[in-house]
Amino acid sequence: WKRIAELDPANTDIYLKIAEAYWQENQKEEAASAFIEAGTRLAAQNNHEAALTSFSRALEIVPNDSQALNGLV
């Protein structure tokens, strides 16, 4: 999934799938990072509502994460 995500930067759904997979595997740091990457990509596509949701999910996993907080701002 990560390789596909790297090859297709416009496909934000891939990063959301990656984040959910990491979450299911209890890999919290990786899940938070994937949610942040998805949020960053969604914001770049002007999909701000979905970006906020993604950054919020990252903060649920890793509270006070500076990248997720920056994304919310």
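Everything below is about the structure shown above.
These lines cover the structure that appears in this document, whether it is placed above or below.

What follows concerns the nonpolar core. One finds Ile18, Ala34, Ala58 and Ile61 to be the most contacted residues of the largest nonpolar core, which totals 19 residues. Elements represented by at least two residues in this core include exactly α2 (12-24), α3 (28-44) and α4 (48-61). The contacts of Ala58, once residues within four sequence positions are left out, are Ala32, Phe35, Ile36 and Ala68.

Residue position: Asp65 is located in the loop between α4 and α5 (66-72). Despite being buried, Asp65 has no salt bridge partner; Lys28 is the closest side chain of opposite charge, sitting 14 Å away. Other than its neighbours up to four places away in sequence, Asp65 contacts Ile36 and Leu59.

Definitions and cut-offs
Residues numbered from 1 in each chain as written. Predicted model: local features only at pLDDT ≥ 70, side-chain atom pairs only at ≥ 80, totals over all residues. Heavy atoms only, no water. Core = buried A, V, L, I, M, F, W, Y, C linked by side-chain atoms within 4.5 Å. Buried < 20%, exposed > 50% of the residue type's maximum accessible area, 1.4 Å probe, protein only. Helix = DSSP H or I, 4+ residues; strand = E, 2+ residues; numbered from the N terminus. Contact = heavy atoms within 4.5 Å. Lys, Arg positive; Asp, Glu negative; His and termini not counted. Salt bridge = Lys/Arg side-chain N within 4 Å of Asp/Glu carboxyl O.

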